[in-house]
Each structure stands twice: as structure tokens, then as C-alpha cells.
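# Coordinate inspection notes
Residues per chain are reported as follows:
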Amino acid sequence: MEQTEELIINQNWHEVTETFEDMNLKEPLLRGIYSYGFEKPTAIQQKVIKPIILGHDTFAQAQSGTGKTAAYTIVVLELIDTSVIQCQALILTPARELAQGICRVILQIGQYSKINCHACIGGNNVREDIRILEKGVHIVIGTPGRVFDMISRNHLSTQNLKIFILEEVDEILSRGFKDQIKKIFKHLPGSIQCCLFSATMAPEILKLTNNFMREPIRIIVKK
Ligand code: ADP
């Protein structure tokens, strides 16, 4: 019998950082956050931003609308070294429009951070995707099919990736992308940090966690 449904996430994280100032973020990023209109982190942001910046693999569970997207946007903007024009963060989403929306949020909160990001999604012109990727981007947000296509054809290099984020992982699995995610994961550096965001905690997600994550911490925020 398969043992993979065991709960292997055994470390819950309770520390809270109540202000953006206390997160020791880069100055251009802090400026971007305030210009975007945020004054204070939401509950999930107070819990999740710091441990991810510290390098923990993380499973974060909270309902939609609680500030998860903004949370990992801030994390990714903090972690990117802008002097290296290579893809350093890969964010996968279940839907094209979602990827485009996240890209817009990253560009807005990152307006002073000098970053390039690209939404790599099915439906885009493939040649245009290749052109942008080969010119160089810091962050790619995409749907699993197109991202795997770009990686397997060597248009998206994974060797400088620091962080891999799966957004709405429950939705990614219910849309049948599990095998594609596993294939993508095989191309990622062994040292990569993995973070999963989800509204629910299903056994399927735990299986995925077992495959990808090292000593993940779990953060749950109930609205
Ligand atoms: P989720 O990814 O959990 O659905 P989002 O990050 O998209 O949540 O945030 C939901 C809404 O709340 C968005 O309109 C976003 O701009 C806003 N929001 C997120 N974080 C903050 C914050 N710290 N202060 C004010 N508004 C916020």
C-alpha cells in the first residue's frame, strides 16, 4: 500500500512580522509596496514572507483574497539579484489569465526594483515567447504546458533558478497538470527552494509535497 499520504509536514510556523519595515526588505521594494497602496501586511503575509526569504520550503494554506499573491510577489522581488539577467524565480499557475495578472502585480510592486518578468502561457505566440526568454528575464510566471515546452526545448534555462512557486496548487492538480509538474521539477536544480500555495489541503497535495519539498514548514491562516 502506498504510504505517501502520511502527513510529512510536521513543522508549523507561528512567528509573525507585523510591519513591512520589520521584514528588512530592499529599499526599492519597500517603496514599491507602499506606492502600490499597501500599508500593513495581511495575516498570511505577516507569517509567510519572512520564513520564505530565510529559505524554508513552505506550504501556505489560506483562502483566496487573503494576500497570497502579494506575499510571494514580495518574496520573489526580495530574492532576485537584478544584476544577473537569468531566470531566478519560476511561478506556475493553473490558468493563463492568472499568470498574466500575477505578472502585472509583480511589475507594479517591482516598479522601482528594475526587474523583468514574463508570462509564459499557452496562447502566446511561441516565437515571441522564445525571443523574450532568450533576451533574458528574472522571473517567469506560466502555465505548466508552455513552461515545460520552453524548458525542454532549452529556451528557458533553469540553472539559475532559486525558487519554484506553485500557485493554487489544488487547482493545478484538479486540472490534471500533475505529471507536467513532475516533469518540470526534474529539470530544476537540486537545491531549489519550493513553495506551495493553496486554499485547501488535500491528500494529493501532500503526495506532491513529499516529492518536491525538503522539511517544509506549514503555515495556515484561517480568514
Ligand atoms: P490571494 O492571492 O490570496 O487571492 P491577493 O494577493 O490577490 O490574494 O490579494 C487580494 C486583494 O487584496 C488584492 O486586491 C490585493 O491588492 C489586496 N492586498 C493584498 N495584500 C494587501 C495588503 N497588505 N494591504 C492591502 N491590500 C492588500
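In the nomenclature of an unreviewed UniProt entry, the chain is known as RNA helicase of Stentor coeruleus. Reading the Catalytic activity (unreviewed entry) entry of the UniProt record for the chain gives the comment "ATP + H2O = ADP + phosphate + H(+)".

### Some thoughts on the overall build of the chain
Helix and strand content of the chain: nine helices and eight strands. On C-alpha atoms alone, the chain measures out to a radius of gyration of 16 Å, which is about the 17 Å that the 2.2 N^0.38 rule sets for 223 residues. Taking the principal axes of its C-alpha atoms as reference, the chain extends roughly 50 × 45 × 30 Å. Long-range contacts, defined as pairs at least 24 residues apart, comprise 74% of the intrachain contacts of the chain with a sequence gap of at least 6. In the structure as shown, the chain presents an accessible area of about 10500 Å², 47% of it carried by carbon and sulfur atoms. On the chain, the mean spot of the 25 positive side-chain charges and the mean spot of the 24 negative ones are 4 Å from each other.

### Focus on the site of the ligand
For the ligand, the set of nearby residues contains 15 residues, the closest of which are Lys-40, Gln-45, Gly-65, Lys-68 and Thr-69. Here a nitrogen atom of the ligand sits 2.9 Å away from a polar atom, N or O, in the side chain of Gln-45. Separating an oxygen atom of the ligand from a backbone N or O atom of Gly-67 is a distance of 3.0 Å. The residue inventory of the shell around the ligand, partitioned by class, reads five nonpolar, eight polar and two charged.

### So, the pairing of strand β8 (residues 217–221)
For β8, a buried count of four out of five residues is recorded, marking the element as mostly surrounded by other parts of the structure. With two bridges joining them, strand β1 (residues 11–12) and β8 adopt parallel strand pairing. Bridge assignment links Gln-11 to a residue of β8, and that residue is Ile-217. Taken together, the five bridges between strand β2 (residues 58–62) and β8 define a ladder with parallel strand orientation. Across the sheet, Phe-59 pairs through a bridge with Arg-218, a residue of β8.

### Notes on the UniProt feature "short sequence motif: Q motif" (unreviewed entry) in the chain
Mapped onto the present numbering, the UniProt feature "short sequence motif: Q motif" (unreviewed entry) falls on residues 18–46. For residues 18–46, the end-to-end C-alpha separation is 6 Å, with 45% helix and 0% strand making up the annotated structure.

### Some words on the UniProt feature "domain: Helicase ATP-binding" (unreviewed entry) in the chain
In the numbering used here, UniProt assigns the "domain: Helicase ATP-binding" (unreviewed entry) feature to residues 49–219. This span, residues 49–219, is 44% helix and 18% strand, and a straight line between its end C-alpha atoms measures 11 Å.

### What about the nonpolar core?
Ranked by internal contacts, the top residues of the largest apolar core, which has 42 residues, are Val-48, Ile-106, Ile-139, Ile-141 and Ile-163. Tallying contributions element by element places helix α3 (residues 68–79) first for this core, with seven residues. If we ignore the near neighbours within four places in the chain, the residues touching Ile-106 are Thr-73, Leu-77, Ile-91, Ile-115, Cys-117, Ile-139 and Ile-141. Residues Leu-90, Phe-148, Ile-151 and Ile-172 belong to the second largest nonpolar core, which totals 32 residues.

### A closer look at α3
Counted at 1.5 Å a residue, the expected span for α3 with its 12 residues is 16 Å, and the 17 Å between its end C-alpha atoms agrees. With respect to burial, α3 is a largely interior element, 11 of its 12 residues being buried. Regarding α3, the residues found buried are Lys-68, Ala-70, Ala-71, Tyr-72, Thr-73, Ile-74, Val-75, Val-76, Leu-77, Glu-78 and Leu-79.

### Quick notes on the pattern of salt bridges
Tallying each qualifying case throughout the model produces seven salt bridges. Between Arg-153 and Asp-149 there is a salt bridge, and its shortest N-O distance comes to 3.1 Å. Relative accessible area serves as the criterion here: at 24%, Asp-149 is assigned to the partly exposed category.

How each quantity is defined
Residues numbered from 1 in each chain as written. Predicted model: local features only at pLDDT ≥ 70, side-chain atom pairs only at ≥ 80, totals over all residues. Heavy atoms only, no water. UniProt positions renumbered as here; feature names shortened; annotations may be inferred. Helix = DSSP H or I, 4+ residues; strand = E, 2+ residues; numbered from the N terminus. Rg over C-alpha atoms; globule rule 2.2 N^0.38 Å. Contact = heavy atoms within 4.5 Å. Areas by Shrake-Rupley, 256 points an atom, 1.4 Å probe, with all protein chains shown as cover. Lys, Arg positive; Asp, Glu negative; His and termini not counted. Charge placed at Lys NZ, Arg CZ, Asp CG, Glu CD. Near = heavy atom within 4 Å. Polar contact = N/O pair within 3.5 Å; in protein donor to acceptor, adjacent residues only side chain to side chain. Nonpolar A, V, L, I, M, F, W, Y, C, P; charged D, E, K, R; others polar. Buried < 20%, exposed > 50% of the residue type's maximum accessible area, 1.4 Å probe, protein only. Pairing = 2+ DSSP bridges. Core = buried A, V, L, I, M, F, W, Y, C linked by side-chain atoms within 4.5 Å. Expected span 1.5 Å × (residues − 1). Salt bridge = Lys/Arg side-chain N within 4 Å of Asp/Glu carboxyl O.

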